[in-house]
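Spelled out, the chains give:
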Amino acid sequence: GQSRGRARVAQPPAMSLLRAGARRAFSALPAVANGGGSALSAVPSRLEFDLDMAVPETRVTVLPNGLRVATEANPAAATSTVGVFFDAGSRYENDTTVGTAHFLEHMAFKGTAKRSMAQIEREIEDMGAHLNAFTSREHTCYYAMCLKENLSQCTDVLADILQNSTYSEAAIERERSVILREMEEVEKQAEEMVHDHLHATAYQHSPLANPILGSSDNVKSVTKADLESYVKAHYTAPRTVVAAAGAVDHDKFVEDVARQFEGMPTGGLSADELVTAKPTTWTGSEVRMRDDYSSDNQLRLAVAFEGASWTDPDSVALMLIREMIGSYSASTGKGVHATSELSQRVAANGMASSFNTFSTCYKDTGLFGIYAECDDAWNHAGDLSWNISHALTKNVYTVEESDLERAKNALKVSTLAAANDGAVATALDIGTSMLAYGRRIPLAEMFARIDAVDVAGLKRVAERFFLDKDPAIVAWGSTQNVPDYTLFQRRTFWLRY
């Protein structure tokens, strides 16, 4: 980047190698990421960032048992966040056990051999800390936010509940009803249900089709033995990352983690081996759930294609296409003057109350598409379907340089915003990145990868994922005027002479 006229800030010693590291990362970019064009062509509208930017270092230590410890220290912080991340989720379950990973999330805070449920709650409250957890299709995370002087104690609590939970029968019975009520609430959330059905039809006969919460039958039948079996198989040291951010001393934190997690098992299959044994299969297909009576002429529509995996170099280009297509909500009052062509058409013609573009990555595949909500399906379902298909396929044939540059700027700003969103967001990003990539991608490298995508490269990626490919479609509500699946298929290519 150019430094003329720019104030320069002295870097902390820990950050002194960032510039050289960023240059090495940039020079190592795979050729597939730039479509054969210029990697960093100078364009006046492009946001430029100094590669000397003060970004804290992410330090990683691998313990003898294979557990990875990663931290990002902020000397000015008064709080710390620690998270324990497992390379385990609903895709590693089968039809009879799906839902166990999520059930475990509920059982984690219900008592251990050393602490009762009441003692856990009192200990956390006495520290003023906050505990939370989440389960996804590939990852499970338990994390805590606390004052910096309580980091070691919070880590000890997490280590205890993840290695020594008792899973009492009484607690299991209580959580059944809690999870069943949660499932009822999720079923009322249209977007959540559409995405679950989208996974089920796109990845049918594959593990990714499994819903995270499982089925009600499985929730009603899960046993203590099921929970213990899942922990033994998947909560192993090589599949675990313990990450901390904020006020944290890496060396001291490594010592604590090594002591507190020394009893974690080391055997079992890795997540990569499990994925290889049960690979994902994409199926172009559709699910239609027609509801003429309770939806008030509303339509929930999702159109998706198989996308890029976490480590696919083309995942960055798909992120840029996501930014170019954008999102829209009638409640914001903008859209007609947005740069997104789909936003303009939807807003000007009232075709939908909202839409968003999603790009979801997994170990061996991805899901890229558009989800829209329409309040007048009888009059707009056909036009909305055509415009969604057009917004995706057009990137194969025509991409404006100005649109690409705006997308690059938007992606950089959102990446920077996420990186500066506090210790909780940083710890979650570290843990997820370590599981997905095996490392944390530096901001400078990410910006270089974004800038490396040119128009030719973007069109090549669109051709790879969209051109004449079979989409997965979910339509829910007033579906009478949603076009036939073959018409969506036909719109994955244009006839040009």
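Up top is the structure these notes are about.
Residues numbered from 1 in each chain as written. Predicted model: local features only at pLDDT ≥ 70, side-chain atom pairs only at ≥ 80, totals over all residues. Heavy atoms only, no water.

Caption draft 1: Up close: the nonpolar core. Leu 67, Tyr 142 and Phe 253 are the most contacted members of the largest nonpolar core, which totals 52 residues. Those residues within four positions of Leu 67 in sequence are excluded, and the remaining contacts are Thr 61, Val 62, Ala 237, Pro 238, Thr 240, Val 242, Val 257, Phe 261 and Met 264. Counting 49 residues, the second largest nonpolar core, distinct from the first, contains Met 351, Ala 372, Leu 384 and Phe 447. (Core = buried A, V, L, I, M, F, W, Y, C linked by side-chain atoms within 4.5 Å. Buried < 20%, exposed > 50% of the residue type's maximum accessible area, 1.4 Å probe, protein only. Contact = heavy atoms within 4.5 Å.)

Caption draft 2: A look at the packing of aromatic side chains. This model, assessed by the stated rule, comprises twelve aromatic pairs. A ring pair is formed by Tyr 203 and Trp 282, whose centres lie 5.6 Å apart and whose planes are at 80 degrees; its orientation type is edge-to-face. With Tyr 203 in the loop between α6 (190-202) and α7 (216-221) and Trp 282 in the loop between α10 (271-277) and β7 (285-290), this residue pair connects regions lying 79 residues apart in the sequence. Overall, Tyr 203 belongs to the buried group, its relative accessible area being 0%. When its relative accessible area of 18% is taken as the criterion, Trp 282 is described as buried. Relative to Tyr 437, the ring of Trp 310 lies with its centre 5.8 Å away and its plane at 85 degrees, an arrangement referred to as edge-to-face. Of this pair, Trp 310 sits in the loop between β8 (299-306) and α11 (315-325) while Tyr 437 is found in helix α15 (residues 423-437), placing the two residues 127 residues apart along the sequence. Every member of this aromatic cluster is reached through a ring pair, and the members are Phe 86, Phe 109, Tyr 142, Tyr 230 and Tyr 235. The ring of Tyr 92 has Arg 239 sitting right over it, with the charged end atom 5.3 Å from the ring centre. (Phe/Tyr/Trp six-rings, centres within 6.5 Å; stacked < 30°, edge-to-face > 60°. Helix = DSSP H or I, 4+ residues; strand = E, 2+ residues; numbered from the N terminus. Lys NZ or Arg CZ within 6 Å of the ring centre and 35° of its normal.)

Purely geometric numbers; function is a separate question.
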